[in-house]
Amino acid sequence: MITFWQQENNKLIHLEREELDLGKKTWIDARSVTRDDIKILEEEYHVSQEHILDILDQDELSRIEKEDDYLLIIVRLPVFVPDADVSYFTIPLGIILYENMFITICWTDCEVLKDISSNRLKGLNLSDFPALLTRILSRADTIFLRYLKEINRRSTTIQNELQLSIKNIELIQLSNLEKSLVYFTTSLKSNQLLLEKLSKTRYLTFDEDDRDWLEGVEIDNRQAIEMTDTYSDILSGMMDAFASVISNNLNIVMKKLTIISLILMIPTFIVSFFGMNVPLPFENNGWIGVIFVIFLCGIATFIAAKLLLKENATEPKNRPRAILREERKKASLEKAEKKRLLKLERVAMKN
């Protein structure tokens, strides 16, 4: 769907195409584009089909490219879809800059475009395209940071649930969060390269305020990259820890089953021995021989069980203390890491 926007009294107003003032600069917003929208963009706004296909490619990375009539900029934006398996992911947003038109193309909806169209970005100036581009990049970094905090809170909640009982659902959720962090890392690093190119490009003219804002966006983007890397390391360590717990639980179960099978082997061996052509003790005294064999099996089973269980119980007594020390060390490291992340967030808020 293609919508048209112009600015009046410092606010963006949605207009029909026939109502547009050709003397003003226009924002053309193409979201959830259809084949008809692609045809309109190609025929009426002369956007290259190759560029449209690049923008609609979900894996397209950020870049800037100069065409004959326009300037193409592709930037990665964060998206949150609650019903999806991987709720947090990123999408490419294509920005086409003409002299009087600012065209955005996206294959789905996203929060950045919603914020712009609902006038949530204060001080937005549609007549200054470089400043508008900078504000979009800044808003994207803000949403990246917010989604990263939500991912961290979710992973902490899932971790607390897993400490009570390890289930497949929670492990799958952690795996999906890990995928989201990988998507964020790739997109943020791609956006960082785009920001470096924008600061050096000759295709756009940034004034002094825009350059200061662009530097602030670069700082926020680097902080988001650091936070993503930190959360990825924590989540990977958490997944490894739970994998070790699952493996340890499996080993304990297998050990118990082995002990049970060894205990049951004793009476089986005795009964099998006397089941061959071997004279049964007291076989001429009625049931006394049978009772004797049963008593012998019971005694042998009791002795074997006691020996095996005693051997199983003789584990190092210092092991619980070692585990406690490891848990305390891990908790202190996590606490220090959280303090560092809070410090980064405060610096980002100040900037």
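Here we summarise the structure given alongside this text. Within any chain, residue numbers begin from 1 and follow the written order of that chain's sequence. Two thresholds apply to this predicted model, a pLDDT of at least 70 for residue-level local features and 80 or more for giving and counting side-chain atom pairs, whereas whole-chain, interface and lining totals are computed over all residues. As a rule here, side-chain values come from all non-hydrogen atoms in the structure, and water together with hydrogens is ignored.

Here we come to the overall build of the protein chain. Under the scheme used here, helices are H or I runs from DSSP no shorter than 4 residues and strands are E runs no shorter than 2 residues, and both carry numbers assigned from the N terminus. Scanning the protein chain for helices and strands turns up 8 helices and 7 strands. Taken across its 351 residues, the protein chain has 40% of its residues classed as buried. Relative to all contacts within the protein chain whose residues are 6 or more apart in sequence, the contacts with residues 24 or more apart total 66%. Using a 1.4 Å probe, accessible areas were evaluated by the Shrake-Rupley method; residue-level cover was limited to the displayed protein chains. Element-wise, carbon and sulfur atoms account for 56% of the exposed surface of the protein chain, whose accessible area totals about 21,300 Å². Burial classification: accessible surface area is computed with a 1.4 Å probe over protein chains only, and a residue below 20% of its type maximum counts as buried, one above 50% as exposed, and the rest as partly exposed. We call two residues contacting when some pair of their heavy atoms lies within 4.5 Å.

As a further point, take the sheet that holds strand β5 (residues 71-80). Here we have 7 strands laid out as an open sheet, ordered β2-β1-β3-β7-β6-β5-β4, and mixed in their pairing. One side of each edge strand has no neighbouring strand; the edge strands of this open sheet are β2 (11-15) and β4 (63-66). Averaged over all neighbouring strand pairs, the angle between strand axes comes to 25 degrees, with direction disregarded. Following DSSP output, two strands are said to pair if at least two bridges run between them. Where β4 meets β5, 4 bridges bridge the pair, whose relative direction is antiparallel. The residue of β5 that forms the bridge with glutamate 65 is leucine 72. Helix axes use the C-alpha atoms of the stretch in contact, all axes being lines fitted to C-alpha atoms, and the angles between their N-to-C directions lie in the range 0 to 180 degrees. Lying on the sheet, helix α2 (residues 49-56) is in contact with β4, β5, β6 (88-97) and β7 (101-106); it crosses β5 at an angle near 20 degrees.

The backbone phi angle of serine 32 is positive, close to 50 degrees, even though this residue is not glycine. Its location among the elements puts serine 32 in the loop between β3 (26-31) and α1 (35-43). Here histidine 46, not a glycine, exhibits a phi torsion of approximately 55 degrees, which is positive. Note that histidine 46 resides in the loop between α1 and α2.

Our focus in this paragraph is the packing of aromatic side chains. Side-chain rings of Phe, Tyr and Trp (the six-membered ring for Trp) are treated as a pair once their centres are within 6.5 Å; stacked means planes under 30 degrees apart, edge-to-face means over 60, and tilted covers the remaining angles. This structure, assessed with the given rule, holds 7 aromatic pairs. On the numbers, 6.2 Å between centres and 55 degrees between planes, the contact of phenylalanine 80 with tyrosine 147 is tilted. Of this pair, phenylalanine 80 sits in strand β5 while tyrosine 147 sits in helix α4 (residues 129-164), and the two are 67 residues apart along the sequence. When its relative accessible area of 29% is taken as the criterion, phenylalanine 80 is described as partly exposed.

Core analysis: the largest hydrophobic core is formed by 58 residues, its most contacted members being Ile73, Ile95, Leu137 and Leu198. Taken together, the elements giving at least two residues each to this core come down to β5, β6, β7, α3 (111-117), α4, α5 (168-200) and α6 (208-275). Sort the elements by how many residues they give to this core and α4 lands first, with 14 residues. Among the buried residues, those of types Ala, Val, Leu, Ile, Met, Phe, Trp, Tyr and Cys that are joined through side-chain atoms within 4.5 Å form a nonpolar core. One finds Phe4, Tyr45, Ile74 and Ile96 within the second-largest nonpolar core, a separate group that totals 20 residues.

Glancing now at the pairing of strand β1 (residues 2-8). In regular strands, side chains alternate between the two faces of the sheet. Taken across its 7 residues, β1 has 6 buried, putting it largely inside the fold. The sheet contact formed by β1 and β3 spans 4 bridges and is antiparallel. Bridge pairing links threonine 3 to aspartate 29 in β3. Pairing of β1 with β2 involves 5 bridges; the strand directions are antiparallel. Bridge pairing in β2 links phenylalanine 4 to leucine 15. What sits between β1 and β2 in their antiparallel hairpin is a turn of 2 residues, with asparagine 9 showing a positive phi close to 55 degrees.

This paragraph deals with the pairing of β5. In terms of burial, β5 is largely enclosed, as 9 of its 10 residues are buried. Between β4 and β5, which pair antiparallel one after the other, the connecting turn spans 4 residues. Where β5 and β6 come together, 10 bridges link them in antiparallel fashion. Residue pairing in the sheet places leucine 71 in a bridge with leucine 97 of β6.

Attention now goes to the environment of proline 78. Checked against the element boundaries, proline 78 lands in strand β5. Taking the C-alpha atoms as reference, proline 78 lies 8.7 Å from aspartate 141; in sequence the two are 63 residues apart. Sequence-distant contacts of proline 78, that is, excluding residues within four places in its chain, are made with Phe89, Thr90, Cys110, Ala140, Ile143, Phe144, Tyr147 and Phe184.

A few words now on the pattern of salt bridges. Should a side-chain nitrogen of Lys or Arg be within 4 Å of a carboxyl oxygen of Asp or Glu, the pair is scored as a salt bridge. The final tally for this structure, using the stated rule, is 10 salt bridges. Its salt-bridge partner being glutamate 44, residue arginine 17 comes within 2.4 Å of it at the nearest N-O pair. Highlighted residues: arginine 17 in the loop between β2 and β3 and glutamate 44 in the loop between α1 and α2, separated in sequence by 27 residues. Under the relative-accessibility criterion, glutamate 44 is labelled partly exposed at 37%. Close ionic contact of aspartate 54 with arginine 63 constitutes a salt bridge, the shortest N to O distance being 3.0 Å.

Before going further, it helps to spend a moment on the packing of α4 against α5. One way to put it is that α4 packs onto α5 with a least axis distance of 10 Å and a crossing angle of 160 degrees. Classified by the interaxial angle, the pair formed by α4 and α5 is roughly antiparallel. The interaxial crossing formed by α4 with α5 has left-handed handedness. Three classes are used: nonpolar for Ala, Val, Leu, Ile, Met, Phe, Trp, Tyr, Cys and Pro, charged for Asp, Glu, Lys and Arg, and polar for all others, with Gly counted as polar. Taken together, the residues of the contact of α4 with α5 break down into 17 nonpolar, 5 polar and 4 charged. The labels follow the angle: roughly parallel below 35 degrees, roughly antiparallel above 145, roughly perpendicular from 65 to 115, and oblique for the rest. Note on convention: near helix rotated counterclockwise from far helix by under a right angle means a left-handed crossing. Clockwise means right-handed.

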